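What the coordinates show
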Amino acid sequence: MPAVTVSDITVLPRVHQPDPAVSRERAVRSVTSAPTGYEGEGFPVRRAFAGVDLRDLDPFIHMDQMGEVEYAPGEPKGTPWHPHRGFETVTYMLDGIMEHQDSQGNGGVITNGDTQWMTAGSGLLHIETPPEHLVVSGGLFHGIQLWVNLPRAQKWAAPRYQDIRGGDSALLSTPDGGALIRVIAGSVDGYDGPGSTHTPITLVHATVSPGAEMVLPWQADYNALVYVLAGQGTVGAERRPFRKGQLAVFGPGDTIRTQASTSQPLAEPNLDVLVLGGRPIREPVAMAGPFVMNTRAEVVQAFEDFQAGKLGTIPAVHGAPTELRESN
């Protein structure tokens, strides 16, 4: 899991330790395990938010851990052309390479530690695939795709992209150097990540060494979630155990505590977590397939607009997008 690393963590800015006399540590409300499934043309995923109430996730809608999988030559898979409207997709690559292209002619390539942030807004078609040379050679593939809701006033915003290079993330450490903290979007302890978001959120990837503890100051009006990408440890002052593929949901407060177990799986030497939170939108959510709107009528309209070609057209060399059916 290379993402972004540093040769000397002691030179990084250090997150200050909150004063327990004035800070309020967030308690763990739940720990859930992500079921496995398949997405797109058949790549394996863990459904990180399965079983969690949308009110606890708000402003987030959906998150998949894609892989971790070692493909043989000819096996790497992506997604077919498909539409989106009403939210943002955030693809964070840990291992491997992903190419993306949309019906407006935009595109790019992300690899280890990079993030592709797409604001679907009023709607578009896009595709995400491994490059041809990776399909031929095979290789390791591991990433995250997160869906961030947009408030009603911004669901019709013009689509836009941000390709965020891993080296642009704000890099921090804990006071003892036991954790490397990568701020991709939002702010931690006054240090800002490069991601520009319509919906106020913070997104962090942290690597915590065995036995080390990470206490992060966290904005009080944001929700707080910690998902385990690899390894095992505990969360909260109550030191509730959690491991790879599990999501911890926190209650109110302004600090988050995570600790790595002293003993880690052989293939996963550290505890790697995704820490995320945002200001809840608190609006009705109507969602079906690739559309996230406020009412069912808006979702039906999105399907009709897609079928009528109003979300864009695909270059002829790529063929037609996969047919969609409305679902609950």
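Use the structure listed above.
Residues numbered from 1 in each chain as written. Predicted model: local features only at pLDDT ≥ 70, side-chain atom pairs only at ≥ 80, totals over all residues. Heavy atoms only, no water.

1. Considering the pattern of salt bridges
When their charged atoms lie close together, side chains carrying opposite charge are able to pair. Scanning the entire structure with this criterion turns up eleven salt bridges. With its nearest N and O atoms 2.8 Å apart, the salt bridge here joins Asp53 to Arg55. Asp53 gets classed as partly exposed once you look at its relative accessible area, which sits at 34%. Judged by relative accessible area, which is 69%, Arg55 ranks as exposed. (Salt bridge = Lys/Arg side-chain N within 4 Å of Asp/Glu carboxyl O. Buried < 20%, exposed > 50% of the residue type's maximum accessible area, 1.4 Å probe, protein only.)

2. Side note on the nonpolar core
In this structure, Ile181, Met214, Val273 and Val275 are the most contacted members of the largest nonpolar core, which totals 29 residues. Excluding anything up to four places from it in sequence, Met214 contacts Thr174, Ala179, Ile181, Ala206, Val208, Ile256, Arg257, Thr258, Val273 and Val275. Among the nonpolar cores identified, the runner-up in size contains 27 residues, and Leu146, Ile164, Ile201 and Leu225 belong to it. (Core = buried A, V, L, I, M, F, W, Y, C linked by side-chain atoms within 4.5 Å. Contact = heavy atoms within 4.5 Å.)

3. A word on the sheet that holds strand β5 (residues 82-84)
Ordered by their spatial adjacency, four strands build an open sheet running β5-β10-β7-β8, and the pairing between neighbours is antiparallel. Sheet topology places β5 and β8 (107-110) at the edges, where each strand pairs with a single neighbour. Averaged over all pairs of adjacent strands, the angle between strand axes in this sheet comes to 30 degrees, irrespective of strand direction. Pairing geometry for strand β7 (residues 98-102) and strand β10 (residues 124-129), over four bridges, is antiparallel. Bridging from a neighbouring strand, His100 pairs with Glu128 of β10. (Pairing = 2+ DSSP bridges. Helix = DSSP H or I, 4+ residues; strand = E, 2+ residues; numbered from the N terminus. Axes fitted to C-alpha atoms, helices over the stretch in contact; angles between N-to-C directions.)

In short, the description is geometric, and any link to function would need to be established separately.
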